[in-house]
Amino acid sequence: MKFTEPKIYLIGETVIKKDELSLYLNDVGASEWSTDSYSDMEAIAEVMGRLCYRSWKPGLNPNITKVREGNDKYLGHILEVGHGSVLEHGMFNFILANVSRVFTHELVRHRVGVAISQESLRFVRLTALKFWMPSCFKSHSKSERIKQLVVETIEYLERRQTELSELLDLDNLKKFDEKKELTSAMRRLAPIGLATTIGWSVNARTLRHVIEMRTAPGTEEEIRLVFGKIAEKVKARYPNLFQDYEVEMVGGLPWYKTKNKKV
Ligand SMILES: Cc1cc2nc3c(=O)[nH]c(=O)nc-3n(C[C@H](O)[C@H](O)[C@H](O)COP(=O)(O)OP(=O)(O)OC[C@H]3O[C@@H](n4cnc5c(N)ncnc54)[C@H](O)[C@@H]3O)c2cc1C
């Protein structure tokens, strides 16, 4: 067995095709428009928002005599008035590794604006089990004994996996379907704390919702830890999208709160 820590990888994000956007801007008489956003994720929200009112510049829509200049101000206004649907266009793609099935069970409850691909324990055979140790175990006055029990339990379950795969002669089975069926049956003996990997894509509106919900005190430690890391990363990379966040440390972990409850 191996003790492990959750790791997050931001492997993708929405990118604007600048040539196509220029063609569109040209067609609507706004060819000189450009954005000072830090990223395309922020730019796409601005573009989709501005096209609603043709607010690329004053006069394009006779009803508009003044436009908000700058991506930070534009998105700041979107967040304030709760025009959250424009934040749904841009997607982030994450790989969350070494996260337990406790974590993934909670993550998948967030259904809106996400795509999920989880490591399949129906196909992937369990060999060395990885485990993240919660801090209440680590800091407990009986932490030595707790650690010993954890190690013994995980190693016991690990050995059972190896013994079963030998007993069932999994290595020499020719039919893949048979192997899959047995591997799937064997996962029932795995602990829920088993560290695994999940691919999670999410739009910016949902990510804001989930960060706020899952970094709040009262939430389970592992999901707070992971969403604290995600929030830190996205706030640094997309400052305008997350400009309204305030951070408060509670129980050693950050709680990311927004002033704009409407989005
Ligand atoms: C501290 C904590 C403890 C929890 N404890 C439990 C528990 O004991 N048992 C349990 O089962 N769950 C529990 N949950 C999970 C919780 O009930 C939600 O299922 C989960 O947090 C998903 O959040 P969400 O409803 O905002 O859904 P999301 O899918 O993230 O949806 C985002 C928003 O979209 C809207 N929305 C989504 N789906 C619909 C819909 N079908 N109809 C209308 N509007 C919709 C809602 O406004 C929702 O807030 C807990 C969550 C937390 C944070």
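Scroll up to find the structure this text is about.
What this report covers is the structure whose coordinates are included nearby. Since the structure is predicted, the reported quantities are computational estimates derived from the model, not experimental observations.

## A short note on the overall build of the protein
From N to C terminus, the protein includes 9 helices and 8 strands. Here the protein has a C-alpha radius of gyration of 24 Å; the compact-globule value for 263 residues is 18 Å, and the former is much larger. Taking the principal axes of the C-alpha coordinates as reference, the protein spans close to 75 × 50 × 25 Å. Considering the protein as a whole, with its 263 residues, one finds that 25% of them fall into the buried category. For the protein, contacts bridging at least 24 residues in sequence account for 80% of all contacts bridging at least 6.

## Topic: the site of the ligand
Near the ligand, the surroundings consist of Arg-109, His-110, Arg-111, Val-112, His-209, Met-213, Gly-218 and Thr-219. Of the residues in the shell around the ligand, the class split is 2 nonpolar, 4 polar and 2 charged.

## Regarding the nonpolar core
Formed by 43 residues in total, the largest nonpolar core has its most connected members in Ala-45, Leu-207, Ile-211, Val-226, Phe-227, Ile-230 and Leu-241. Among the elements of the structure, α2 (40-53), α3 (71-81), β3 (91-100), α4 (101-107), β6 (195-203), α8 (204-214), α9 (221-237) and β8 (253-258) are those that each provide at least two residues to this core. Considering each element in turn, this core owes the most residues, 7 residues, to α9. The two domains that each donate at least three residues to this core are domain 1 (1-121 + 190-263) and domain 2 (122-189). Sequence-distant contacts of Ala-45, that is, excluding residues within four places in its chain, are made with Leu-75, Ile-78, Val-86, Leu-87, His-89, Gly-90, Ala-204 and Leu-241.

## Side note on the environment of Asp-40
Position of Asp-40 relative to the elements: it lies in helix α2. In this structure, the C-alpha to C-alpha distance between Asp-40 and Arg-145, residues 105 residues apart in sequence, is 51 Å. If near-sequence neighbours (up to four positions away) are discounted, Asp-40 is found in contact with Glu-13, Thr-14, Val-15 and Ile-16.

## Side note on the packing of α8 against α9
Packing of α8 against α9 leaves a shortest axis separation of 9 Å and a crossing angle of 135 degrees. Taken together, the axes of α8 and α9 lie oblique to each other. Crossing hand, α8 versus α9: left-handed. Facing α8, whose interface residues are Leu-207, Val-210, Ile-211 and Arg-214, α9 presents Ile-223, Arg-224, Phe-227, Ile-230, Ala-231 and Val-234.

Conventions we followed
- Residues numbered from 1 in each chain as written.
- Predicted model: local features only at pLDDT ≥ 70, side-chain atom pairs only at ≥ 80, totals over all residues.
- Helix = DSSP H or I, 4+ residues; strand = E, 2+ residues; numbered from the N terminus.
- Rg over C-alpha atoms; globule rule 2.2 N^0.38 Å.
- Buried ≥ 20, exposed ≤ 12 C-beta atoms within 10 Å, placed from the backbone.
- Contact = placed C-beta atoms within 7 Å.
- Near = placed C-beta within 6 Å.
- Nonpolar A, V, L, I, M, F, W, Y, C, P; charged D, E, K, R; others polar.
- Core = buried A, V, L, I, M, F, W, Y, C linked by C-beta atoms within 7 Å.
- Domains from an automatic or database assignment.
- Axes fitted to C-alpha atoms, helices over the stretch in contact; angles between N-to-C directions.
- Parallel < 35°, antiparallel > 145°, perpendicular 65-115°, else oblique.
- Left-handed = near helix turned anticlockwise from the far one by under 90°.

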